[in-house]
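Chains, contacts and geometry: an overview
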Amino acid sequence: MESTLTRTTASIVQRDRYDELDQLPTPALVIRAPVVRTNLKRLADYAAQHGISVRPHTKTHKSLEMGRLQLQYGARGLSVAKAGEAVVMAEATGDILVAYPCLDPVRGQILAKLARTYDIKLAVDSGYAVENLAAAARAAGSTLGILVDMDVGMGRTGLQTPQLALELAQLVERTDGVRLAGLFIYPGHIKCKIDQQTEPLRAVNAKVEEALALWEKSGLRADIVSGGSTPTAYQSHVVRKLTETRPGTYIYNDMNIVKGGYCTLDDCAARFVCTVVSTAVPNQFVIDAGSKTLTSDRCGPDPDSGHGYVVEYPQAKIKALTEEHGQVDVSMCSERPKLGERVTVIPNHICPCVNLQDNLWIQDESQGSFRQLNISARGLLT
């Protein structure tokens, strides 16, 4: 009996297409394809206007299909964080940037072997990383491209001065197994409104130009100057030497991006369809999406706004999450949902939400149906 029930449940879960939203098993992460295409086209048009390439970070979608779609909209290559993601995304493009310090032997070996066939570049901020990657490349009979990571204000990784960036570039230049590909920056500290970004980005620009001047004086060149984030994506041209921008969240967007003033609710392609499973507690309903679906991330620009935005009940607040329960305060709502009703939630931070899912649902733009999409690089954290 148990095995029969297991097989029956599996057959329901494995269904790969539904015609109606109400048929989806919840919580269901739904991606609206027309919105995705609009988001991709908007950035592609901006980049073309300013002569900047787009190398989107795939950490947001972790999907081979979405990576290919970004390439269709003119991306020059793809960015990843980890070696496992690089292996997956190399199926879409031979031009991969690992935008994360890779220095341990296992990752180095994986990427060095991948570099036999593909153009693999890495952002690093230490001689230790350069030497370990070079050794892996020599053993694999390949060459790895190196972008020198310089901190421009985020304070997370990156060499602290242009002089230190020069010294690491010089080490790369004289080390067999690696080649100097360029300069890497991340202006993730700039989260102010778009009309207030010019001055902090000019400070970034000044540091980049100082570093590149030192390189040029020493006979070095940076064919790639890679930077950018979703909040600063449409101001990338202020950093005048930037050759490519690496936003990730822009493909789907989320409440961090909405509340930051960088997009509207209509630009949010990713939404969770949830079911109201309880209304027993006064002034509250409970949805079947807890921390294992929405994560516990607060909204950066508005940390007291709750754990996401309920589209149908904008005055509601997702006040608490446990693993499978989302408790929604409706004390400020004039109307309240009924048991079994479907509601739609835009999460605060879409990137970790995607990584918690094995599959999502693409809303077909021609027929309105929903097809299942496997999240190709889900859980690849090595």
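Rules used in this analysis
Residues numbered from 1 in each chain as written. Predicted model: local features only at pLDDT ≥ 70, side-chain atom pairs only at ≥ 80, totals over all residues. Heavy atoms only, no water. Helix = DSSP H or I, 4+ residues; strand = E, 2+ residues; numbered from the N terminus. Expected span 1.5 Å × (residues − 1). Buried < 20%, exposed > 50% of the residue type's maximum accessible area, 1.4 Å probe, protein only. Arc of directions from axis to C-beta. Contact = heavy atoms within 4.5 Å. pLDDT = per-residue confidence, 0-100. Pairing = 2+ DSSP bridges. Axes fitted to C-alpha atoms, helices over the stretch in contact; angles between N-to-C directions.

With 20 residues, helix H8 (residues 198-217) ought to run about 28 Å at 1.5 Å a step, and its terminal C-alpha atoms sit 28 Å apart, in line with that. Every buried residue of H8 is listed here: Leu201, Val204, Asn205, Val208, Ala211, Leu212 and Trp215. Buried positions in H8, seen along its axis, are confined to an arc of 130 degrees and lie on one side of it. Opposite the buried face of H8, at more than 90 degrees from it, the exposed residues are Glu199, Ala203 and Lys217. Residues of H8 that are buried make contact with strand S7 (144-149), helix H7 (162-173), strand S8 (178-184) and strand S9 (224-227). Positive backbone phi, at 80 degrees, marks Gly219, one or two positions downstream of H8.

The next thing to look at is the confidence of the model for the protein chain. It should be kept in mind that the predicted coordinates are not to be read in detail where pLDDT is low. Overall, the prediction assigns the protein chain a mean pLDDT of 94, with 96% of residues at 70 or greater. pLDDT under 50 marks residues 1-8. Its contacts with residues more than four places away, or in other chains, come to 0 contacts.

With an omega of -5 degrees, the peptide bond between Thr26 and Pro27 qualifies as cis. Phi at Asn283 is positive, roughly 60 degrees, even though this residue is not glycine. As for its placement among the helices and strands, Asn283 is situated in the loop between strand S11 (270-278) and strand S12 (284-287). A positive phi angle, close to 60 degrees, is found at Thr295, a residue other than glycine. Residue placement: Thr295 occurs in the loop between helix H10 (291-294) and strand S13 (309-310).

As a further point, take the sheet that holds strand S3 (residues 53-54). With parallel pairing, 8 strands are arranged side by side in an open sheet as S3-S10-S9-S8-S7-S6-S5-S4. Both edges of this open sheet fall to S3 and strand S4 (78-80), since each of them pairs with a single strand only. Here 4 bridges tie strand S5 (residues 95-98) to strand S6 (residues 119-124), and the two strands are oriented parallel to one another. Each bridged residue has a counterpart across the sheet, and for Leu97 the counterpart in S6 is Lys121. Seen against the sheet, helix H6 (residues 127-140) touches S6, S7 and S8 and runs at an angle of roughly 160 degrees to S6. Along the sheet face, H7 touches S6, S7 and S8 and points at about 155 degrees away from the line of S8.

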